Amino acid sequence: MPPERQLTTHPADDAREATLRRGGVTLKGTYRAVASGAPVVANVPGSGPIDRDGNNPLGVAAARCRHLADALATRGVASLRIAKRGMFGSANPGLDANAVTLGGDLSGTERALVAGHSKGGIVAMMAGAWADVAGVVLLESPVRRLAQVLRAQLQANPANAPLLDAAFAAISALEAGMPVAADTLPQALLPLFHPNMQPLLIGLFAANPAQLAADLQHPLLIVQGTHDLQVDVSDATALAHARPDATVVLEQGVNHVLKLAAAGRDGNLRLYADPDAPVVADAMPAFATGIDTGTIRP
């Protein structure tokens, strides 16, 4: 069934409220309009409870998606950013936001560039297999399987030491396709391994980003910051090795939320909670450069 679209002009600026309905689920977001006929970037957020601006109530308030839309608009690129299914503006009565699986029917959708941030890069590449997208952009996206990334991220925080054995056991079970009973998990790990989220985690853990990149039949642009504490430059290098014709843009000093960060960890992480610091100006022209050169073309 083709999706139902509704665009209403927002009086504050050139943004418009966007509504997408399919299969009884409504997604709400913001469409940042520019000139008629301009290329469009559809933003796919990473993991966690993320609103349309790229924020979550767990301490991330960088407004990455909003700043990204502003930066793209100044370069003649339109954008769509959404609140994740079942959350914030996309909350639906009776819909469990945690009950998500991977899969897609994107028939009837319009061609756009699909930009996936962090773990959203996996979904963006999957979307490239499900639909005739114009191209895929990976923003700070790992090549390592997500189970490996999650282990490394948990281990990097010394405060997680008492939870590591239980967390690693849960990750190993989900890697093997086996669900984990909630009553076997410490309370602190339930938000991460919520039973309703486990089908999604099983699907994500099974995905091989390098293989997805190699199999992708659309142009691929890889944007990676050198001061990203979560995804390393080696991830971008390995993704490019899997797709030798991909365009790779390494952004000096850019962190995971696309902002200019000092080398130290504390200052880097403070930018995660800074809604006023813009995304790095040099990072975003990578979209427009790819479009202008034909590397990524709608």
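Described in the following lines is the structure provided in the data block. It should be emphasised that the depicted structure is a prediction, and the values quoted were computed from it without experimental measurement.

**Overview of the environment of glycine 253**
- Inspection of the secondary structure puts glycine 253 in the loop between β9 (247–251) and α8 (265–270).
- Sequence separation between glycine 253 and alanine 263 is 10 residues, and the spatial gap between their C-alpha atoms is 7.5 Å.
- For glycine 253, the contacting residues outside a window of four places in its chain are Thr226, His227, Lys259, Leu260 and Ala261.

**Observations regarding empty space enclosed by the protein**
- According to the stated counting rule, one finds one cavity of 30 Å³ or more in the structure shown.
- Roughly 50 Å³ of volume is contained in the largest cavity.
- Lining of the largest cavity is provided by Val41, Asn43, Cys65, Leu68, Ala69, Leu72, Ser79, Leu80 and Arg81.
- Elements with a minimum of two residues in the lining of the largest cavity: β4 (40–44), α1 (64–73) and β5 (78–82).
- In terms of residues, the lining of the largest cavity owes the most to one element, α1, which gives four residues.

**Points about the pattern of salt bridges**
- Per the counting criterion, the structure on display carries six salt bridges.
- For arginine 32, the salt bridge goes to aspartate 70, with nearest N and O atoms at 2.3 Å. In this pair, arginine 32 sits in strand β3 (residues 25–32) while aspartate 70 sits in helix α1, placing the two residues 38 residues apart along the sequence.
- Here aspartate 235 ties to arginine 144 by a salt bridge, and the two come within 3.1 Å at their closest N and O atoms. Within this pair, whereas aspartate 235 is found in helix α7 (residues 233–242), its partner arginine 144 is found in the loop between β7 (135–139) and α3 (146–156), the two being separated by 91 residues in sequence.
- A relative accessible area of 1% means that aspartate 235 is categorised as buried.
- The partly exposed category is assigned to arginine 144, whose relative accessible area is 22%.

What counts and how
- Position labels on residues start from 1 in each chain and follow its written sequence.
- Local features in this predicted model are restricted to residues whose pLDDT is 70 or higher, and side-chain atom pairs enter the listing and the counts only when it is 80 or higher, whereas totals over whole chains, interfaces and linings include all residues.
- Excluded from the side-chain calculation are hydrogens and water; included are all heavy atoms of the structure.
- Numbering goes from the N terminus for both helices and strands, where a helix is a DSSP run of H or I of at least four residues and a strand is a run of E of at least two.
- Any pair of residues with heavy atoms lying within 4.5 Å of one another is described as a contacting pair.
- Using protein atoms alone on a 1 Å grid, points that fit a 1.4 Å probe yet trap it form a cavity, whereas open point sets bounded by protein on both sides within 12 Å along at least five of seven lines form a pocket; residues with an atom within 4 Å of a point count as lining.
- Grid points are joined across faces, edges and corners, and a volume is the space filled by probe spheres set on the points.
- Whenever Lys or Arg places a side-chain nitrogen within 4 Å of a carboxyl oxygen from Asp or Glu, that contact is recorded as a salt bridge.
- Only protein chains enter the area calculation, which uses a 1.4 Å probe; residues under 20% of their type maximum are buried, those over 50% are exposed, and those in between are partly exposed.

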